[in-house]
Amino acid sequence: MADITTPPTEAAAPKEVKETKAQKSERLKLEKNPWEAWEEVRQFAREGRESVLPDWANLYFKWWGVYTQGDGLGVTGGKGGEGKASDYFMMRIGLPNGLLTAHQLHTIADITAKYARGVADITTRQNIQLHWLTIEDMPAVVDQLTEIGLSPKGACGDVVRNVTGCPLAGLDGHELFDASPLAVEVAQKLTANPEFYNLPRKFKISITGCPIWCSYPEINDVGLTGLKRIKDGKEELGYSLRVGGGLSTEPHLAVRLNAFIPQDKAYDAIEAVVRIFRAQDELRVSRTHARIKYLFMKHGWTAESMLAAIEDNLGYKFDAAEEGAIVDDVYRDHVGVHRQRQEGLSYIGATVLNGRLDPEQLHALASLSEEYGDGHLRATIGQNIVLVNIPNAKTTEVVEKITAMGLQVQPTVFFRGAVACTGTEFCKLAISETKGFNKWLVGELEERLPQFDQQLRLHVTGCTNSCGQSWIADLGLEGKKVKKDGVMVDAFYFCVGGAVGEHAGIARQIGFRAAAEDCPEAIERLLRTYLATRTEGENLRSYFRRTSDEDLRASLNGAQVAPVERDPAPGRIPANVG
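All of these numbers come straight from a predicted model, not from anything done at the bench. Within each chain, residue numbers correspond to sequence positions counted from 1 in written order. It should be noted that, the model being predicted, local features are given only for residues of pLDDT at least 70 and side-chain atom pairs only at 80 or more, the latter also being counted only at that level, while totals for whole chains, interfaces and linings use all residues. Hydrogens and waters are ignored; side-chain quantities use all the structure's heavy atoms.

Undergrad: Describe the sheet that holds strand S7 (residues 205–208), listing the residues and the values that go with them.
TA: Hydrogen bonds between backbone atoms are what pair the strands of a sheet, whose relative direction is either parallel or antiparallel. Spatial ordering of the open sheet is given by S6-S7-S8-S9-S10, a layout of 5 strands whose pairing is mixed. The open sheet terminates on both sides in strands that have one partner only, identified here as strand S6 (164–165) and strand S10 (255–262). When DSSP finds at least two bridges between two strands, those strands are taken to pair. Per the convention used, a helix needs a DSSP run of H or I reaching at least four residues, while a strand needs a run of E reaching at least two, with both numbered from the N terminus. When strand S8 (residues 222–231) meets strand S9 (residues 234–243), the two strands line up antiparallel, connected through 10 bridges. Each residue of the ladder has a partner; that of Arg229, found in S9, is Glu236.

Okay, structure coming up:
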């Protein structure tokens, strides 16, 4: 019988494996350093919005501080956890340590008027953020910023972000030392440095010699705070070092390392942490778990192992050093009129509600700093502005002019503590509108509770991603949608009792939500209950700590109410979060 040979069966074609978002981001970052490809953007500007490649719109632009702008509907107007992009762009201007000159501010005012429809926002990282930019105008805006020594580079992207610091560096008579030269040095050496253009995610640094830690080192990837020690009978000033802070959907307060960082070794220590972060390939697997905080939260790192890695990277060890007393949970905003260390001079901290300014206000602030001061101003992480080096005899006159432009130097507690993220006005990931709501909410509370006498950080964020830093607020309101009277409306989920400083902790999720229009009445009930039941000398933070979630919900609601679950994040985490 003849042999019968069965033809081989063809192997099934391997199923194509779809690239994850993290894999795509990592591939694209290896293919191009966006800082070296600005000529492509100039080409887009010549050819128009339709020519902008998706890889630029969705990733590379961030290295230049640029995002696509939402269409005003937020996440609910899109799909897949992200809203629709409009034809316009948002841009952040980096201000290391918040340092700003009148000349720079005048130019920013002109840019805002010509290209950004009159909208400029001071952010919680001492940046100034513009909206409504077209691709055609992008090169002109960047060129004008370059001419005045500013840049959007590094204000977004998987890079070292704008380095924050105390806005009174060099001026405050209570500071241990002026740390702003280090902040500027770090910004100059690490921002737009091609060696560090490809980090797993963003990296935020705070550096201060300020005694009240006004730049929130607790929520930064690296936080340096001034530290004094006595060694061999001599006083020495250096830094305490924290690593791994961040908010977003999974907040984590930075871990303090048991080390004294000499001032002349501080830059090296910071760069070592950045190098360690860059080397962690396990942080490149998921975009949602790519911050350095996840080394502590998911990968078993400790303060001891982080310090050992830093010392191994540097090749030398630091002395152990206790930090001593932690700063109280007090206002950290430098609002008001206060004397500087320089004889005869004062600074004036003006509260800018939600950080929003128009070109006229920007020009007016710059002109005041020129007419009465030495032409220098400082932006703050509280979305405010500080005029510095004002003669004591002129402060009353300057305050009157600041007040006339709609800002407040002696604000109410509600006006002073208000912070709001971008919200659905411009953000593709937001669920609720924020800045207009917060302005209205502040006005309502001022009318309802004019006698309220406590510090109140009231932070409004448009979704669960906490761009508005709701996790560290006394009252943090997270945007959501609920159905009321058969209609879907903006609403907010309440988090209570967040703090930094001596009693640092993440705000509690107490299971209460309210439609936006019902929030003033709910907050009024809560604060009136506090005023009526507080013990002698008891501040609001202490009251929140000793009061149960059930009782807080009852105060907000006006009666006992069952808890509701906090919503999960709607989609990807935005690059500007936490």
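Undergrad: Run through the confidence of the model for the protein, naming residues and quoting values.
TA: The predictor reports its confidence for every residue as pLDDT, a score running from 0 up to 100. Overall, the prediction assigns the protein a mean pLDDT of 94, with 96% of residues at 70 or greater. Should any heavy atoms of two residues lie within 4.5 Å, those residues are considered in contact. Confidence over residues 1–9 falls short of pLDDT 50; this stretch has 0 contacts with residues more than four positions distant or in other chains. For the stretch residues 574–578, pLDDT sits under 50, and the model shows 28 contacts to residues farther than four places along the chain or on other chains.

Undergrad: I'd like to hear about the side chain of Gln454, residue by residue, with values.
TA: Here Gln454 is to be found in the loop between helix H13 (435–448) and strand S17 (458–461). Nitrogen and oxygen atoms within 3.5 Å of one another constitute a polar contact, given that in protein one can donate a hydrogen and the other can accept it, and given that sequence-neighbouring residues count only through two side-chain atoms. At 3.2 Å, the side chain of Gln454 forms a polar contact with the backbone nitrogen of Leu540. Those residues in contact with Gln454 that lie beyond four places of it in its chain are Tyr331, Val413, Tyr530, Arg534, Asn539, Leu540 and Arg541.

Undergrad: Tell me about helix H11 (residues 395–404), and name the residues and values.
TA: Those residues of H11 lying buried are Thr395, Val398, Val399 and Ile402. All buried residues of H11 project into a common sector of 100 degrees when viewed along the axis, lining one side. What points out from H11, more than 90 degrees from its buried face, is the exposed set Thr396, Glu400 and Ala404. The secondary structure elements touched by the buried residues of H11 are strand S11 (336–339), strand S12 (345–350), helix H10 (359–372) and strand S15 (385–391). Each residue gets one of three labels from its accessible area relative to the maximum for its type: buried under 20%, exposed over 50%, partly exposed in between, using a 1.4 Å probe on protein chains only. Each C-beta atom gives one direction from the helix axis, and the arc is the one those directions make.

Undergrad: Could you give me a rundown of the sheet that holds S11, with the residues and numbers involved?
TA: Strand order across the open sheet formed by 5 strands is S3-S14-S15-S12-S11, with antiparallel pairing between neighbours. Here the strands that pair on one side only, and so sit at the sheet edges, are strand S3 (99–101) and S11. Sheet twist, expressed as the average angle between the axes of neighbouring strands with direction ignored, equals 30 degrees. Pairing between strand S14 (residues 376–379) and S15: 3 bridges, direction antiparallel. Between the N-to-C directions of two axes lies an angle of 0 to 180 degrees, each axis being a line fitted to C-alpha atoms and, for a helix, fitted only over the stretch in contact.

Undergrad: Report on empty space enclosed by the protein, specifying residues and quantitative values.
TA: Every definition here rests on a 1 Å grid over the protein atoms only: cavities are sets of points where a 1.4 Å probe fits but cannot get out, pockets are open sets enclosed by protein on both sides within 12 Å along at least five of seven lines, and lining residues have some atom within 4 Å of a point. Grid points are joined across faces, edges and corners, and a volume is the space filled by probe spheres set on the points. Under the definition given, this model contains 4 cavities of 30 Å³ or more. Around the second largest cavity, the lining is made up of 21 residues, and of these Tyr216, Arg332, Asp333, Gly382 and Arg457 lie nearest the centre. Note on residue categories: nonpolar means Ala, Val, Leu, Ile, Met, Phe, Trp, Tyr, Cys or Pro, charged means Asp, Glu, Lys or Arg, and polar means any other residue, Gly included. When the residues that make up the lining of the second largest cavity are grouped by side-chain class, the tally is 8 nonpolar, 9 polar and 4 charged.

Undergrad: Now, about the layout of surface pockets: what can you tell me, with residues and values included?
TA: Quantified by volume, the second largest pocket comes out at close to 340 Å³. By residue number, the principal contributor to the lining of the second largest pocket is helix H6 (residues 180–190), which donates 3 residues. A breakdown of the residues in the lining of the second largest pocket according to their chemical character gives 8 nonpolar, 7 polar and 2 charged.

Undergrad: Describe in detail helix H4 (residues 102–115), supporting the description with residues and values.
TA: Side chains three or four residues apart in an α-helix point the same way, a direct result of the helix having 3.6 residues per turn. To estimate the expected span of a helix, subtract one from its residue number and multiply by 1.5 Å. Here H4 is 14 residues long and its end C-alpha atoms lie 20 Å apart, about the 20 Å a rise of 1.5 Å per residue gives. Of all the 14 residues making up H4, 10 are buried; the element is thus mostly covered by neighbouring parts of the structure. Within H4, burial applies to Ala102, Gln104, Leu105, His106, Thr107, Ile108, Ala109, Ile111, Thr112 and Tyr115.

Undergrad: For unusual backbone geometry, give the residues involved together with the corresponding values.
TA: Across the chain, the bulk of peptide bonds are trans and the bulk of non-glycine residues have phi less than zero. With a phi angle near 55 degrees, Arg117 is a residue other than glycine that sits in the positive phi range. Structurally, Arg117 can be placed in the loop between H4 and strand S4 (120–122). Residue Asn389 is not a glycine yet carries a positive backbone phi of 60 degrees. Relative to the helices and strands, Asn389 resides in strand S15. Since its relative accessible area comes to 15%, Asn389 is described here as buried.

Undergrad: Help me get a handle on the packing of aromatic side chains, residues and values and all.
TA: Note on aromatic contacts: the rings of Phe and Tyr and the six-membered ring of Trp form a pair at centre separations within 6.5 Å, being stacked when their planes are under 30 degrees apart, edge-to-face when over 60 apart, and tilted otherwise. Throughout the structure, instances matching the rule amount to 17 aromatic pairs. Among the aromatic residues, those joined into a cluster by ring pairs are Phe44, Trp56, Tyr60, Phe61 and Phe89. One Lys or Arg, Arg117, reaches over the ring of Trp132 and ends 3.8 Å from the middle of that ring. Across from the ring centre of Tyr331, 3.7 Å away, lies the NZ or CZ of Arg416, which sits over that ring. Lysine and arginine charges are scored as sitting over a ring when NZ or CZ, respectively, is within 6 Å of the ring centre and within 35 degrees of the ring normal.

Undergrad: Could you give me a rundown of the pattern of salt bridges, with the residues and numbers involved?
TA: Any Lys or Arg side-chain nitrogen found within 4 Å of a carboxyl oxygen on Asp or Glu counts as a salt bridge. Inspection of the entire model under this criterion finds 40 salt bridges. Between Lys29 and Asp158 there is a salt bridge, with the nearest N and O atoms lying 2.7 Å from each other. Taken together, the positions of Lys29 in helix H1 (residues 21–31) and Asp158 in the loop between helix H5 (138–147) and S6 put the pair 129 residues apart, joining distant regions of the chain. Each member of the pair, Lys29 together with Asp158, is buried. For Asp474, the salt bridge is made with Arg541, and the minimal N-O distance between the two is 3.0 Å. Here Asp474 is found in the loop between S17 and strand S18 (475–484), whereas its partner Arg541 is found in helix H15 (residues 540–546), with 67 residues between them in sequence. The exposure class of Arg541 is buried, given its relative accessible area of 7%. Where salt bridges share partners, they join Glu26, Lys29, Asp158, Asp281, Arg284 and Arg287 into one cluster.

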